[in-house]
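Single-letter residue listing:
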Amino acid sequence: MTSTTADLAAITGIDVPTGLFIGGEWTKGRSGGLIGVTDPATGEIIAEVADGTAEDALDAVGAAHAALPGWAATPPRERGECLRRAWALMMERSEAIARLMVLENGKALPDARGEATYSAEFFRWYAEEAVRLEGALMTAPSGANRILVQRQPVGVSVLITPWNFPAAMATRKIGPALAAGCTVVLKPAKETPLTALVVADILREAGVPDGVVNVVTTSSASRFSGAVLGDPRVRKLSFTGSTEVGRVLLKAAADQVINCSMELGGNAPFLIFEDADIKAALDGAFVAKMRNGGEACTAANRFYVHEAVADEFTSAFAARLAALKVGPGLEEGTELGPLVNEDTRSKVASLVDEAVAAGSKVVTGGAVPDRPGYFYEPTVLDHVPSGAGILHEEIFGPVAPIVRFTDEADAVRWANDTEYGLVSYVYTSDLRRSLRVAEALEAGMIGINRGVVSDPAAPFGGVKQSGLGREGGHDGLLEFTETKYIAVEW
Ligand code: NAD
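Residues numbered from 1 in each chain as written. Predicted model: local features only at pLDDT ≥ 70, side-chain atom pairs only at ≥ 80, totals over all residues. Heavy atoms only, no water.

Engineer: Whenever I open this one, the overall build of the protein chain confuses me. Can you help?
Structural biologist: When its secondary structure is counted, the protein chain shows 15 helices and 20 strands. In terms of overall size, the protein chain behaves like a compact globule, its C-alpha atoms giving a radius of gyration of 23 Å where 490 residues would be expected to give roughly 23 Å. In terms of overall dimensions, the protein chain has a C-alpha envelope of 70 × 65 × 40 Å along the principal axes. The burial tally for the protein chain puts 58% of its 490 residues in the buried class. Within the protein chain, counting contacts between residues at least 6 apart in sequence, those at least 24 apart form 72% of the total. Carbon and sulfur atoms make up 52% of the accessible area of the protein chain, which totals about 18,400 Å². The positive charge centre, built from 44 side chains, and the negative charge centre, built from 63, are 4 Å apart in the protein chain. (Helix = DSSP H or I, 4+ residues; strand = E, 2+ residues; numbered from the N terminus. Rg over C-alpha atoms; globule rule 2.2 N^0.38 Å. Buried < 20%, exposed > 50% of the residue type's maximum accessible area, 1.4 Å probe, protein only. Contact = heavy atoms within 4.5 Å. Areas by Shrake-Rupley, 256 points an atom, 1.4 Å probe, with all protein chains shown as cover. Lys, Arg positive; Asp, Glu negative; His and termini not counted. Charge placed at Lys NZ, Arg CZ, Asp CG, Glu CD.)

In structure tokens:
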């Protein structure tokens with residue numbers, strides 16, 4: 001079953017699979033049930049994909065388990081070459097993948113094009129990393145023997161991904177897993193299953209053997225996780241999503257003591273000091289806030305701006321957001337698309353309403369526009385009081401709350417006043433200050449005079465309740481390995 005609605009093929013120029021991908025076969029699944037995929041710009045169903053059951057999930061685990069010995073024994077160079085071919089195919093089809101992501105996620109086409117290239121890059125990076133799994137050999141301190149340390153694939157890996165980056169969150173996990181010699185079962189978010197299915201089809205075409213990559217789409221995420229996390233053949237869970245669901249999965253993984261990597265929510269502070277280059281800060285703030293329409297775990301969630309530059313920054317930032325062309329992501333010139341669904345939009349709207357009721361000043365936006373689809377106006381709020389929920393919860397929308405400060409210590413203290421710790425941004429032209437503040441901020445990643453930190457070659461991840469482990473870079477490869485120590489006497 002690789003067919004899909006004719007419209008999708010016409011808009012993207014590729015065939016988009018809609019079945020489950022298990023053991024190298026496309027299947028309707030055991031129940032034959034279907035899940036509708038909605039275009040957030042219109043609220044209309046654009047495709048239906050198979051609704052996987054618990055038995056389908058276990059079939060996928062079985063396929064991954066059967067393929068594991070062969071894939072783990074495949075020479076690293078060959079594993080890398082598969083990923084390299086997958087990178088080339090993704091680049092060849094990047095426009096189609098971008099258009100598909102617009103349709104199922106709602107993001108504007110320029111954002112989707114950026115993600116298509118970024119997501120492919122994980123395959124190229126891990127094609128190169130597949131041949132760099134180093135071990136160690138040393139003499140024991142006593143001199144009696146040698147200590148040999150080897151990295152082995154952790155085993156069958158379950159990958160669960162969110163809807164906000166439908167391609168990149170899949171490739172950021174599949175790339176290192178395959179490079180390390182693991183086989184995988186991917187469960188994409190039900191809002192955006194189509195992109196994951198296209199990625200699986202590309203890996204098949206790139207020569208990845210049957211069973212190494214399996215994809216199960218489902219309307220019931222807990223039915224899926226309940227089945228796979230109870231199966232002792234599963235040895236790894238790599239999850240990206242909300243902290244709330246991450247906690248549930250960590251508990252569920254405890255029964256089989258499954259190795260977990262968790263990329264969870266964020267609440268990124270964006271600090272602008274009085275000595276910052278304001279033009280650069282505006283550019284950085286714009287990308288940190290508006291990339292993906294604000295639906296990013298790295299999105300700047302709170303702006304702490306020094307009183308001396310706050311008026312200048314706030315009015316220029318508001319003007320920039322107000323000028324954005326809002327519309328369906330595929331429409332010519334669109335810069336900001338809709339949010340992914342009604343729940344997400346109503347959460348954004350209620351956070352703004354509550355902040356305004358608490359005394360925040362609306363500089364621009366602040367309302368739901370009168371049009372079909374799940375749109376929200378680009379919004380800037382000034383003088384947001386410290387207790388407002390919008391400073392403490394992930395907004396996940398095009399809304400920028402601004403808080404003014406005069407003292408560096410206050411700014412750092414307020415920035416750290418959250419259970420999250422994914423990323424923080426600092427704008428200043430004082431090198432000593434930038435490093436001092438970067439060291440004091442409780443986050444896994446810091447952007448200094450830069451509004452984007454994501455890079456396939458860098459270790460991405462959070463501290464505190466933003467997660468466990470890292471994705472990307474060499475660290476991302478090690479997450480899919482176990483350390484084996486061999487004591488040798490010769
Ligand atoms: P979510 O936690 O609701 O869902 C993420 C995935 O988990 C989806 O596939 C969903 O179906 C699945 N899921 C939900 N409940 C489950 C359960 N009980 N068992 C198994 N799977 C379950 O998150 P979302 O709304 O899709 O994505 C947004 C969140 O993801 C935000 O909090 C964002 O910060 C986070 N995120 C983090 C990163 C990162 O790298 N740290 C990257 C992107 C998104």
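Engineer: When you look at helix 8 (residues 221-229) in this model, what are you seeing that I'm missing?
Structural biologist: A turn of α-helix holds 3.6 residues, and therefore any two residues three or four places apart point the same way. Among all positions in helix 8, only Phe 224, Ser 225, Ala 227, Val 228 and Leu 229 are buried. The elements touched by buried residues of helix 8 are helix 2 (54-73), strand 7 (156-160), strand 8 (184-187), strand 10 (234-240) and helix 9 (243-254).

Engineer: Even after reading the chapter, I still don't get the site of the ligand, so can you show me in this structure?
Structural biologist: The full set close to the ligand counts 28 residues, and Thr 161, Arg 172, Ser 242, Leu 264 and Glu 394 are the nearest of them. Side-chain polar atom of Ser 225 to a nitrogen atom of the ligand: 2.9 Å apart, as the coordinates give it. Within the complex, the protein chains bury 86% of what would otherwise be the 840 Å² of accessible surface of the ligand. Judged by the fraction of its atoms near the pocket grid, the ligand is located in the largest pocket. If you tally residues by element for the shell around the ligand, the top one is helix 8, at three residues. Partitioning the shell around the ligand into residue classes produces 15 nonpolar, nine polar and four charged. Both domain 1 (5-265 + 467-488) and domain 2 (268-419 + 423-455) contribute no fewer than three residues apiece to the shell around the ligand. (Near = heavy atom within 4 Å. Polar contact = N/O pair within 3.5 Å; in protein donor to acceptor, adjacent residues only side chain to side chain. 1 Å grid on protein atoms, 1.4 Å probe; cavity = no way out; pocket = protein on both sides within 12 Å on 5 of 7 lines; lining within 4 Å. Sits in = over half its atoms within 2 Å of the grid points. Nonpolar A, V, L, I, M, F, W, Y, C, P; charged D, E, K, R; others polar. Domains from an automatic or database assignment.)

Engineer: In this structure, what is going on with the layout of surface pockets? I would like to understand it.
Structural biologist: To find leftover empty space, one rolls a probe the size of a water molecule over the atoms. Quantified by volume, the largest pocket comes out at close to 1,100 Å³. Lining the largest pocket are 41 residues, with Pro 162, Trp 163, Gly 241, Ser 242 and Val 245 positioned closest to its centre. Of all the secondary structure elements, the ones that give two or more residues to the lining of the largest pocket are helix 8, strand 10, helix 9 and helix 12 (342-357). In terms of residue count, helix 9 provides more of the lining of the largest pocket than any other element does, six residues in total. Each residue belonging to the lining of the largest pocket can be placed in one class, and the counts come to 16 nonpolar, 14 polar and eleven charged. Split by domain, the lining of the largest pocket shows at least three residues from each of two domains, domain 1 (5-265 + 467-488) and domain 2 (268-419 + 423-455). (Points joined across faces, edges and corners; volume = space filled by probe spheres on them.)

Engineer: Just checking my understanding: could you explain the packing of aromatic side chains for this structure?
Structural biologist: According to the stated counting rule, one finds eleven aromatic pairs in the structure shown. Ring pairs connect the aromatic residues Phe 270, Phe 303, Phe 313, Phe 317, Tyr 425 and Tyr 427, which therefore count as one cluster. For Arg 172, the ring lying beneath its charged end belongs to Phe 460, and the centroid distance is 4.2 Å. Stacked on the ring of Phe 480, the Lys or Arg Lys 236 has its end atom at 5.4 Å from the ring centre. (Phe/Tyr/Trp six-rings, centres within 6.5 Å; stacked < 30°, edge-to-face > 60°. Lys NZ or Arg CZ within 6 Å of the ring centre and 35° of its normal.)

Engineer: Looking at this model, I keep getting lost on the domain arrangement of the protein chain. Mind explaining?
Structural biologist: Many analyses report the size of an interface as the accessible area lost when the parts associate. For the protein chain, the assigned domains read domain 1 (5-265 + 467-488) and domain 2 (268-419 + 423-455). Inter-centroid distance (C-alpha atoms) of domain 1 to domain 2 is 31 Å. Residue-level contacts link 24 residues of domain 1 with 28 residues of domain 2. Approximately 1,900 Å² of surface area, both sides summed, lies buried where domain 1 meets domain 2, with 60% of it carried by carbon and sulfur atoms. Looking at the side of domain 1 facing domain 2, the largest losses of area belong to Pro 40, Ala 41 and Trp 163, adding up to 25% of the total buried there. If you look at where domain 1 meets domain 2, you find zero salt bridges. Our count for the contact surface shared by domain 1 and domain 2 stands at six residue pairs in polar contact (both at pLDDT 80 or more). (Buried area = accessible area lost by both parts, 1.4 Å probe. Salt bridge = Lys/Arg side-chain N within 4 Å of Asp/Glu carboxyl O.)

Engineer: Help me understand the sheet that holds strand 5 (residues 136-139), please; the structure alone is not making it clear to me.
Structural biologist: Within a sheet, neighbouring strands are paired by backbone hydrogen bonds and run either parallel or antiparallel to one another. As summarised here, the arrangement of the three strands in space is 5-6-20, forming an open sheet in which the pairing is antiparallel. Edge positions in the sheet fall to strand 5 and strand 20 (481-488), since each of these pairs with one other strand and no more. Sheet twist, expressed as the mean angle between neighbouring strand axes with direction ignored, is 20 degrees. Relative to strand 20, strand 6 (residues 146-153) runs antiparallel, the two sharing eight bridges. Among the inter-strand pairings, Gln 150 is bridged to a residue of strand 20, identified as Lys 484. (Pairing = 2+ DSSP bridges. Axes fitted to C-alpha atoms, helices over the stretch in contact; angles between N-to-C directions.)

Engineer: Before we go on, may I ask you to explain the nonpolar core in this structure?
Structural biologist: One recurring pattern in soluble globular proteins is that nonpolar side chains are buried together. Counting 67 residues, the largest nonpolar core has Phe 123, Ile 174, Leu 178, Leu 194, Leu 203 and Val 213 as its most contacted members. Considering each element in turn, this core owes the most residues, nine residues, to helix 5 (residues 109-129). The residues touching Leu 178, leaving out its near neighbours within four places in the chain, are Trp 71, Arg 79, Leu 83, Val 184, Leu 203, Val 208, Val 212 and Val 213. Among the nonpolar cores identified, the runner-up in size contains 32 residues, and Ile 272, Ala 276, Ala 281 and Cys 297 belong to it. (Core = buried A, V, L, I, M, F, W, Y, C linked by side-chain atoms within 4.5 Å.)

Engineer: Would you mind showing me how to read helix 11 (residues 307-322) here?
Structural biologist: Here helix 11 is 16 residues long and its end C-alpha atoms lie 23 Å apart, about the 22 Å a rise of 1.5 Å per residue gives. At Phe 313, helix 11 is deflected by roughly 25 degrees, the largest bend along its length. Listing the buried residues of helix 11 in full gives Val 309, Ala 310, Phe 313, Thr 314, Phe 317, Ala 318 and Leu 321. Taken together, the buried residues of helix 11 touch strand 12 (268-272), helix 10 (278-290), strand 13 (300-306), strand 14 (361-364), strand 15 (379-382) and strand 16 (399-405). (Expected span 1.5 Å × (residues − 1). Bend = angle between axes of the 7 residues up to and from the residue.)

Engineer: Explanation requested: a nonpolar patch on the surface in the structure shown.
Structural biologist: Together, Leu 137, Leu 148, Ile 486 and Trp 490 make up an exposed nonpolar region whose accessible area comes to about 430 Å². Examined against the element boundaries, Ile 486 turns out to sit in strand 20. On the basis of relative accessible area, Ile 486 is assigned to the partly exposed category, the value being 32%. (Patch = residues over 30% accessible without salt bridge, like charges linked within 9 Å, V, L, I, M, F, W, Y side chains within 5 Å.)

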